[in-house]
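Analysis of the macromolecular model
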Amino acid sequence: DTEVTQTPKHLVMGMTNKKSLKCEQHMGHRAMYWYKQKAKKPPELMFVYSYEKLSINESVPSRFSPECPNSSLLNLHLHALQPEDSALYLCASSRVWAGAYNEQFFGPGTRLTVL
Amino acid sequence: GQQVMQIPQYQHVQEGEDFTTYCNSSTTLSNIQWYKQRPGGHPVFLIQLVKSGEVKKQKRLTFQFGEAKKNSSLHITATQTTDVGTYFCAGNLGGAQKLVFGQGTRLTINP
């Protein structure tokens, strides 16, 4: 199974809502990532988890809260978002090998709209 | 900040023509990866280059990593409509444990 799944596919939320994005992989990867992608732009790294511990936070605002409950699951909790946070949120996973991350497998993404 | 620059931003070709996209970093890369993202899709890994001067081929695609490990290229021979999409290079900057993506090259093809 080389698939990364993400739910939901689409999400519309108000600025006062609390919602969560979910990501799952069963490839035995111990590195998992959240990216944000705006239209016609490259993926922008938000968070990296390595062995279920947060290893990189790219100065993401606290209204985004990641969580890695186990080696297969990754969540992104959203609270009090702004309209400019509307984007495609991509989850990815990879092996952790010799201190460098190998190829990343991306999920299909959650398209988020903040009203 | 550390950046990976990619050109051109857009490329439109006739089906059957060749296509090349270039990637440059101001700092040495541990490795470079290439991804393809179809319209409405997600990035899909194509290849990883690690060694200085490395060249890898996948059917009509040829990938190169520069001798100084600061630049890379992807060349597609005789494009087909299935090649449409955005091609991203992504570099592991020296010692950094994260990928930095280039801006991407969007390829469109006239059949």
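Residue numbers run consecutively from 1 along every chain, following the written order of its sequence. By the order in which they are written, chains take letters starting at A while ligands take numbers starting at 1. Only residues with pLDDT of at least 70 are given local features in this predicted model, and only at 80 or more are side-chain atom pairs given and counted; all residues enter the totals for whole chains, interfaces and linings. Side-chain numbers here rest on the full set of heavy atoms in the structure, without hydrogens or water.

Remarks on the overall build of chain A
Quick reminder of the rule: Secondary structure follows DSSP: runs of H or I at least 4 residues long count as helices, runs of E at least 2 residues long count as strands, and numbering of each begins at the N terminus. Both definitions apply: the radius of gyration is a C-alpha atom measure, and the globule rule equals 2.2 Å times residues to the power 0.38. Type-normalised accessible area, obtained with a 1.4 Å probe on protein chains alone, sets the label of each residue: buried when under 20%, exposed when over 50%, and partly exposed for intermediate values. Using a 1.4 Å probe, accessible areas were evaluated by the Shrake-Rupley method; residue-level cover was limited to the displayed protein chains. Charge assignment: positive for Lys and Arg, negative for Asp and Glu; neither His nor the chain ends contribute. To locate a charge, the coordinates of NZ of Lys, CZ of Arg, CG of Asp or CD of Glu are taken.
Broken down by element type, chain A carries zero helices and 13 strands. Going from the N terminus to the C terminus, chain A shows its helices and strands as β-β-β-β-β-β-β-β-β-β-β-β-β. By the compact-globule yardstick of 13 Å for 115 residues, chain A fits well, its C-alpha radius of gyration being 13 Å. The principal-axis extent of the C-alpha atoms belonging to chain A is close to 40 × 30 × 25 Å. Looking at chain A as a whole, 48% of its 115 residues are labelled buried. Carbon and sulfur atoms provide 51% of the accessible area of chain A, an area that totals close to 5600 Å². Treating the 13 positive side-chain charges of chain A as one cloud and the 10 negative ones as another, the clouds have centres 6 Å apart.

Let's talk about the sheet that holds strand S7 (residues 61-65) of chain B
Residue and element names in this part refer to chain B. To keep things clear, this is the line we draw: Following DSSP output, two strands are said to pair if at least two bridges run between them. For helices, the axis comes from a line fit to the C-alpha atoms of the stretch in contact; other axes are also lines fit to C-alpha atoms, and the angle between any two N-to-C directions lies between 0 and 180 degrees.
What the five strands build is an open sheet, ordered S1-S3-S8-S7-S6; its pairing is antiparallel. Because the sheet does not close on itself, it has two edges, and the strands there are strand S1 (4-7) and strand S6 (55-58). For this sheet, the mean inter-axis angle between neighbouring strands, taken without regard to orientation, is 15 degrees.

What to know about the sheet that holds strand S3 (residues 18-25) of chain A
Residues and elements named next belong to chain A. The strand order S1-S3-S8-S7 describes an open sheet built from four strands, whose pairing is antiparallel. The open sheet terminates on both sides in strands that have one partner only, identified here as strand S1 (4-7) and strand S7 (64-70). The sheet shows a mean angle of 20 degrees between the axes of neighbouring strands, taken without regard to direction. When S1 meets S3, the two strands line up antiparallel, connected through four bridges. Considered in S3, the bridge of Thr-7 is made with Lys-22.

Some points on unusual backbone geometry
For the peptide bond that leads from Thr-7 of chain A to Pro-8 of chain A, omega is -10 degrees, which places it in the cis range. That bond from Ile-7 of chain B to Pro-8 of chain B is cis: its omega, -5 degrees, falls within 30 degrees of zero. In this structure, Pro-8 of chain B sits in the loop between S1 and strand S2 (10-14). Positive phi is not limited to glycine here, since Ala-78 of chain B has a value of about 50 degrees. Residue position: Ala-78 of chain B is located in the loop between strand S8 (71-76) and strand S9 (85-93).

Here we look at the confidence of the model for chain A
Predicted coordinates in areas of low pLDDT are best not read in detail. What counts, and what does not: How sure the predictor is of each residue is captured by pLDDT, a score from 0 to 100.
Summing up the model confidence of chain A, the mean pLDDT is 93 and the portion of residues at 70 or higher is 94%. Ranking the elements of chain A by mean pLDDT puts strand S11 (residues 100-101) of chain A last, at 54, and S1 of chain A first, at 98.

Thoughts on the state of the cysteines
Residue and element names in this part refer to chain A. What counts is decided by this rule: Disulfides are defined in this document as cysteine sulfur pairs within 2.5 Å.
Tallied over the full model, the rule gives two disulfides over all chains. Each disulfide pairs two cysteine sulfurs, and for Cys-23 the partner residue is Cys-91, the sulfurs being separated by 1.8 Å. Judged by the sign of its S-S torsion, about -70 degrees, the cystine formed by Cys-23 and Cys-91 is left-handed. Within this pair, whereas Cys-23 is found in strand S3, its partner Cys-91 is found in strand S9 (residues 87-94), the two being separated by 68 residues in sequence. Taken as a pair, Cys-23 and Cys-91 share a single burial class, namely buried.

Brief notes about the packing of aromatic side chains
Rules: For Phe, Tyr and Trp, where Trp contributes only its six-membered ring, two rings pair if their centres lie within 6.5 Å, and the inter-plane angle classes them as stacked under 30 degrees, edge-to-face over 60, or tilted in between.
Inspection of every chain in the model, using the stated rule, returns eleven aromatic pairs over all chains. With a centroid separation of 6.5 Å and an interplanar angle of 50 degrees, the aromatic rings of Trp-34 of chain B and Phe-63 of chain B are classed as tilted. One end of the pair, Trp-34 of chain B, is in strand S4 (residues 29-37); the other, Phe-63 of chain B, is in strand S7, with 29 residues separating them in the sequence. Judged on exposure class, the residue Trp-34 of chain B and its partner Phe-63 of chain B are both buried. Considering the side-chain rings of Tyr-35 of chain B and Phe-45 of chain B, the 5.6 Å spacing of their centres and the 70 degrees angle between planes classify their relative orientation as edge-to-face. Placement of the pair is Tyr-35 of chain B in strand S4 and Phe-45 of chain B in strand S5 (residues 44-49), with a sequence separation of ten residues. In this structure Phe-45 of chain B comes out as partly exposed when scored by relative accessible area, which is 23%. Three or more aromatic residues joined by ring pairs make a cluster, and in this case those are Tyr-33, Tyr-35 and Phe-106 of chain A together with Tyr-35, Phe-45, Phe-88 and Phe-101 of chain B.

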